[in-house]
Amino acid sequence: MALFDPPGSLQGERLEDGFGRRFSYLRLSLTDRCNFRCTYCLPNGFVKQQGLPSELSSEEIYRAVAAFARLGLWKLRLTGGEPTVRHDFTEITRKLSEIEGIRRIAMTTNGYRLVQRASEWREAGVDAVNVSIDTLDPKAFASLTGHDRLADVVAGVDAALEAGFDTVKVNSVLLRDLERSGWDDILRFVETRNLSWRFIEFMRTNDNTAFHEQQATPGEIVRDRLLAAGWEPQSREIGAGPAVDYAHPAYRGRIGLIAPYSPGFCESCNRLRLSSRGRLHLCLFGTEGLDLRELLQRDDQQEELIARIVAAMPGKSRGHRLNEGDSGATPHLASIGG
Ligand code: SAM
Ligand code: SF4
């Protein structure tokens with residue numbers, strides 16, 4: 001079976017949009033809150049907005065995921081904001097891993113608690129972890145995130161490798177200021193570690209337009225540098241994410257590139273998003289999302305919830321419009337779950 005074919009929905013319905021794309025993967029934002037202040041995301045730190053509904057409770061989250069699982073969705077990513085600022089993060093993970101049909105749980109974190117918690121999260125059911133590190137220069141890291149904690153985060157990556165996750169990846173936003181100076185540090189980092197360092201093209205959001213103008217840099221720069229140094233692109237499994245990974249015999253780790261500005265990026269989209277306040281987003285750069293919250297209040301609302309999700313699918317657009325300078329309704333990625 002191709003990986004993008006759901007293993008069989010319990011409902012008989014399938015999550016499919018108007019372009020024949022099927023959806024097996026939900027990125028679930030557990031919170032908008034974050035303790036870091038990354039310059040490209042929340043440069044002023046998390047600011048609580050008055051008048052917004054509260055974060056989904058753990059019960060609302062299970063009901064939502066159970067409905068998606070009945071529609072054949074089997075992979076989850078827990079993200080945010082910083083998902084691990086939730087005091088019930090471990091408990092939520094454990095319960096989500098028990099939902100029938102959920103076969104894989106990944107998380108994305110800034111890594112600030114990873115060194116202490118990697119084993120606990122692995123044991124609770126997290127299969128794969130992505131840690132965000134944009135630079136290996138401690139001073140640049142502190143200035144970028146607002147926290148002088150690079151050593152802790154790197155220790156967290158090593159703790160994750162020890163804890164036996166299926167995969168450990170580093171997410172690294174490609175910024176013009178960092179792109180040249182840090183290359184040798186990154187090569188040393190991946191030389192001995194069995195992980196994938198993923199560069200992500202810096203995406204424009206409604207709050208970072210000026211910074212994006214200054215700092216955006218095309219992924220081709222990384223690709224050309226890798227090819228010139230003898231790194232080879234690895235074949236991608238059908239249904240794998242949009243990253244292209246490169247390998248080199250002298251390095252244990254791989255270096256990958258996620259290039260959302262490249263043509264065709266959205267063609268194989270297999271993911272949906274649920275915000276921490278219960279809105280379904282069909283695209284990272286789409287509309288304000290569809291509110292599911294009123295249908296997450298009781299166990300006996302599942303059929304209605306499933307019908308609402310299925311009915312939304314034809315509304316998914318063919319692709320984002322980042323290349324036209326249109327970031328949809330997205331102020332920053334912490335608002336939806338990047
Ligand atoms: N707080 C967690 C973290 O930083 O890993 C999870 C949420 S964060 C929004 C998810 C990922 O999105 C991080 O790897 C972050 O670097 C990336 N990100 C945030 N804003 C971005 C942007 N404008 N363009 C590209 N990647 C971005
Ligand atoms: Fe927080 Fe992650 Fe955004 Fe950085 S990228 S401010 S760690 S949510």
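Structure shown above.
Residues numbered from 1 in each chain as written. Chains lettered and ligands numbered in written order. Predicted model: local features only at pLDDT ≥ 70, side-chain atom pairs only at ≥ 80, totals over all residues. Heavy atoms only, no water.

Some words on helix 7 (residues 183–192)
Note the cut-off: Think of it in three bands: with a 1.4 Å probe and only protein chains considered, a residue is buried below 20% of the maximum accessible area for its type, exposed above 50%, and partly exposed in between. Here a strand is any run of E in DSSP of at least two residues, a helix any run of H or I of at least four, and the numbering for each starts at the N terminus. Think of it as the arc spanned by the lines of direction from the helix axis to the C-beta atoms. Two residues form a contact once any of their heavy atoms are found within 4.5 Å.
Taken together, the buried positions of helix 7 are occupied by W183, I186, L187, F189 and V190. Down the axis, helix 7 shows its buried residues gathered within 160° of arc, on one side only. Opposite the packed face of helix 7, turned more than 90 degrees from it, sit the exposed residues D184, R188 and T192. As for helix 7, its buried residues are in contact with helix 5 (150–163), strand 5 (167–174), strand 6 (196–201), helix 9 (220–228) and strand 9 (254–258).

Here's the deal with the pattern of salt bridges
Filter applied, for reference: The working definition used for a salt bridge is a side-chain nitrogen of Lys or Arg within 4 Å of a carboxyl oxygen of Asp or Glu.
For the coordinates displayed, the defined rule picks out 23 salt bridges. Among the salt bridges present, the one from R188 reaches D185, with a minimum N-O distance of 2.8 Å. With R188 and D185 both in helix 7 and 3 residues apart, this pair spans about one turn of that helix. Residue D224 is joined to R223 by a salt bridge in which the shortest nitrogen-to-oxygen separation is 3.4 Å. We classify R223 as partly exposed; its relative accessible area is 33%.

Some details on the state of the cysteines
In plain terms, the rule: In plain terms, two cysteine sulfur atoms within 2.5 Å form what is called a disulfide here.
Scanning the model with the defined rule gives 0 disulfides in all. Counting only cysteine sulfurs, C266 is the nearest neighbor of C269, a cysteine outside any disulfide, at a range of 6.5 Å. Residue class for C269 comes out buried when judged on its relative accessible area of 18%. Of all cysteine sulfurs in the structure, the one in C266 sits closest to C283, which takes part in no disulfide; the separation is 6.1 Å.

Quick look at the sheet that holds strand 4 (residues 128–132)
What counts here: Strand pairing is defined by DSSP finding a minimum of two bridges between the two strands.
Reading across the sheet, the 12 strands line up as 7-8-9-6-5-4-3-2-1-10-11-12 and stay open at both edges, with mixed pairing between neighbours. Of all strands in the sheet, those with a lone pairing partner are strand 7 (232–233) and strand 12 (290–291), marking the two edges. Here strand 8 (residues 244–247) runs beside strand 9; their pairing, made up of 3 bridges, is antiparallel. Its bridge partner lying in strand 9, V244 is registered against L257.

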